[in-house]
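Architecture at a glance
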Amino acid sequence: MPALPPRYNVLGIGVSALTLAQARELVVGVRGRLRCGYVCFCTAHGIGEARADPALRKIFNASWLTTPDGMPLVWLGPRGVERVYGPDLMLAVCDTGRAVGLTHYFYGGAPGVAGELKDKLCARFPGLAVVGTFTPPFRALDEGETGALHADVTRVRPDVIWVGLSTPKQDRFMAAHWQTLDAGVLLGVGAAFDFHSGRVRQAPRWIQRGGFEWLFRLCTEPRRLGSRYLKTNPLFVLRVLAQRSGLKKYPLE
């Protein structure tokens, strides 16, 4: 397996300096391996959550990869870094992984979403090996549900578990379970479940490339996302200016 990429410091979070192609090859490369780790997809919102929660900072910094999922993190990275966006990586891995028999498991989403996602992706990528799905309750798993999940994953031993919750819930879930689940790697792709199942419209590419996907999503889901973007984004900008100017240090932990 190729070496993991170096990280660069964004407000105390070590963000992996890589491209979408590199991330795809690393994930496909877990074929047949167990417990490689988990992948966090980092945005300004996620970094804001991590600044308020030292435990979440440790989760991001202990990951197998923490990718630059949002364009501001790409702009803050070294030359050559690309956006490694959860929904895009999911499609790339599903496509390329067919050649090596990569197996997939979908955990998360509202009732029915994981099944719809499986149907849509299997139709889009003939030969895609989806070996299981699990729809969790909106609360934390109880002991019986945790046992059922672990038994099901042990039965099928997927190479990749796609986790469709939201940040930071999915990151905490992955950190808590990756060492005990019989799987290769867990990836917390959040809204990718809704996007690729067709339940939620995705921003056009030109909006994504310009760094305004947050505004598109805010307009489509203002009640749910208003506090996330209108509070965390301005604070993120102020903190980055302080870090860049040397007014404040944000050491990696």
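What comes next concerns the included structure. Only a predicted model underlies this, so the values are computations on that prediction, with no experimental measurement involved.

Criteria and cut-off values
Residues numbered from 1 in each chain as written. Predicted model: local features only at pLDDT ≥ 70, side-chain atom pairs only at ≥ 80, totals over all residues. Heavy atoms only, no water. Axes fitted to C-alpha atoms, helices over the stretch in contact; angles between N-to-C directions. Helix = DSSP H or I, 4+ residues; strand = E, 2+ residues; numbered from the N terminus. Parallel < 35°, antiparallel > 145°, perpendicular 65-115°, else oblique. Contact = heavy atoms within 4.5 Å. Buried < 20%, exposed > 50% of the residue type's maximum accessible area, 1.4 Å probe, protein only. Salt bridge = Lys/Arg side-chain N within 4 Å of Asp/Glu carboxyl O.

We now examine the packing of helix H2 (residues 44–52) against helix H3 (residues 54–61). Between H2 and H3, the least distance of the axes is 5 Å, while the angle of their chain directions is 125 degrees. Here H2 is positioned oblique relative to H3, judged by the angle of their axes. Residues Gly46, Glu49, Ala50, Arg51 and Ala52 of H2 form the contact with H3, whose own contacting residues are Pro54, Leu56, Arg57 and Phe60.

Turning to unusual backbone geometry, a few remarks are in order. In this structure, the amide linkage connecting Thr167 to the following residue, Pro168, adopts the cis form with an omega of 10 degrees. Structurally, the position occupied by Pro168 is in the loop between strand E7 (160–164) and helix H8 (169–177). The phi dihedral of Leu11 falls on the positive side, at around 55 degrees, and the residue is not glycine. Within the secondary structure, Leu11 sits in the loop between strand E1 (7–10) and strand E2 (13–16). Overall, the relative accessible area of 1% leaves Leu11 in the buried class. Even without being a glycine, Arg157 presents a positive backbone phi close to 45 degrees.

Those residues of helix H1 (residues 20–28) that sit buried are Ala23, Leu26, Val27 and Val28. Those residues of H1 that are buried are in contact with strand E4 (65–68), helix H5 (86–97), E7 and strand E8 (185–188).

Inspection of the secondary structure puts Phe138 in the loop between strand E6 (129–134) and helix H7 (143–156). Here Phe138 falls in the exposed class, since its relative accessible area comes to 69%. Placed 28 residues apart in sequence, Phe138 and Ala110 show a C-alpha to C-alpha distance of 8.3 Å. Those residues in contact with Phe138, other than ones at most four positions away along the chain, are Ala110 and Lys169.

Under the definition given, this model contains seven salt bridges. Asp182 is the salt-bridge partner of Arg35, the closest N and O atoms lying 2.4 Å from each other. Linking Arg35 in the loop between H1 and strand E3 (37–42) with Asp182 in the loop between H8 and E8, this pair joins segments that are 147 residues apart in sequence. Relative accessible area serves as the criterion here: at 12%, Asp182 is assigned to the buried category.

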